[in-house]
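Given next are the chains, with one letter for each unit.
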Amino acid sequence: MMLEVKNVQKRFDHTEVLRDISLNVQKGDVVAILGPSGSGKTTFLRCLNFLERADGGEMVFDGEHYDLHKATRGEIARVRKKTAFVFQNYNLFLNKTVLQNVTLGLTVSGKMKKQEAREVAVNALERVGMAGHLDRYPAQLSGGQQQRVAIARGLASNPEIIYFDEPTSALDPELIGEVLSVMRKLAEEGMTMLVVTHEMNFARNVSTRVMFMDGGVVVESGAPEQVFNHPQSDRTRQFLKNFTEIE
């Protein structure tokens, strides 16, 4: 088991956002996390990478045990060294070029020499189809291109898992396909990914597992074929029916 998460809990003031969320992830899994807005999907993902501090829960990652509430700075650093996080809104440095956005973490956090960092960055940008834009700034790119640079930045750190938080939600419809195409390619290459998404076709056709959340709990989890074609919960059926009607 690459990642085992047990009983994750999170409150904001008196609101319980996550209630005992558990998940097991094998190497190469692509887990699509579905659910309505406010169901706790993004908070769960952020807790796994310590962008939010959980109020309870534990995680075994790559054979090491972590208390999600009490993890030390050193433990958090070890987790983040093995993971990458792709945000909704790209989180690129607007005053730095495409190449600089990808190399910065390698040279500052990774202590990599500049020439080596450049080689790693160019390779990562090639994987997402952005090697021809090294000297451009984010403002000169489309949203889809910016998100592909953000994915390249994550790939450059050679992570064991990539967390995607609704990576297409800020994009115009015509740009969504180019980002999903990159993610599909990564899945085919065996990259382990946890993806919070509203892209039902991606969840159905690319993911190896679907987890449906609502009200801070996991309502249903299983293979895409089972969840989409034979949902066990009325709430899951209602949610998927709404998306079918929209499509």
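Here, every reference points to the structure presented above.
This report concerns the structure included in the present document.

So, how was this worked out
Residues numbered from 1 in each chain as written. Predicted model: local features only at pLDDT ≥ 70, side-chain atom pairs only at ≥ 80, totals over all residues. Heavy atoms only, no water. Pairing = 2+ DSSP bridges. Helix = DSSP H or I, 4+ residues; strand = E, 2+ residues; numbered from the N terminus. Axes fitted to C-alpha atoms, helices over the stretch in contact; angles between N-to-C directions. Contact = heavy atoms within 4.5 Å. Core = buried A, V, L, I, M, F, W, Y, C linked by side-chain atoms within 4.5 Å. Buried < 20%, exposed > 50% of the residue type's maximum accessible area, 1.4 Å probe, protein only. Parallel < 35°, antiparallel > 145°, perpendicular 65-115°, else oblique. Left-handed = near helix turned anticlockwise from the far one by under 90°. Nonpolar A, V, L, I, M, F, W, Y, C, P; charged D, E, K, R; others polar. Phe/Tyr/Trp six-rings, centres within 6.5 Å; stacked < 30°, edge-to-face > 60°.

Right, let's talk about the sheet that holds strand β7 (residues 161–165) for a bit. Read across the sheet, six strands follow the order β6-β7-β8-β3-β9-β10 without closing on themselves; strand pairing throughout is mixed. Bordering the open sheet on either side are β6 (83–86) and β10 (217–222), each of which pairs with just one other strand. Geometrically, the sheet is characterised by an average inter-axis angle of 15° between neighbouring strands, direction not taken into account. As judged from the four bridges shared by β6 and β7, these two strands associate in the parallel manner. Residue pairing across strands places Thr83 opposite Ile161, the latter belonging to β7. Sheet strands in contact with helix α5 (residues 143–156) are β6 and β7, and its direction is about 170° off that of β6.

Once that is clear, we can look at the nonpolar core. Within the largest apolar cluster, 40 residues are counted, with the highest numbers of intra-cluster contacts made by Ile151 and Phe164. Of all the elements in the fold, those that place two or more residues in this core are β6, α3 (98–108), α4 (114–127), α5, β7, α6 (173–188) and β8 (192–196). For this core, the leading source of residues is α6, giving eight residues. Not counting residues up to four positions away in its chain, the partners in contact with Ile151 are Val86, Val128, Phe164, Val179, Val182, Met183 and Leu186. Membership of the second largest hydrophobic core comes to 31 residues, among which are Leu3, Ala71, Phe85 and Leu194.

The next point concerns the environment of Asn24. Mapped onto the fold, Asn24 is located in strand β2 (residues 15–25). Taking the C-alpha atoms as reference, Asn24 lies 24 Å from Val182; in sequence the two are 158 residues apart. Dropping the residues within four chain positions of it, Asn24 is found in contact with Met1, Leu3, Glu4, Val5, Asp29 and Arg209.

Below, the discussion takes up the packing of α5 against α6. Running from N to C, α5 and α6 point in directions that differ by 20°, and their axes come no closer than 8 Å. What the angle tells us is that α5 and α6 run roughly parallel. Crossing handedness for the pair α5 and α6: right-handed. Facing α5, whose interface residues are Gly143, Gly144, Gln145, Gln147, Arg148, Ile151 and Leu155, α6 presents Leu175, Glu178, Val179, Val182, Met183 and Leu186. Of the residues that constitute the contact of α5 with α6, the class distribution is seven nonpolar, four polar and two charged.

On to the packing of aromatic side chains, then. Tallying each qualifying case throughout the model produces three aromatic pairs. Judged by centre distance (4.9 Å) and plane angle (40°), the rings of Phe212 and Phe239 are tilted. Here Phe212, found in strand β9 (residues 209–214), pairs with Phe239, found in helix α9 (residues 234–246); they are 27 residues apart in sequence, far enough to count as distant. The exposure class of Phe212 is buried, given its relative accessible area of 2%.

These figures come from the coordinates and say nothing about function on their own.
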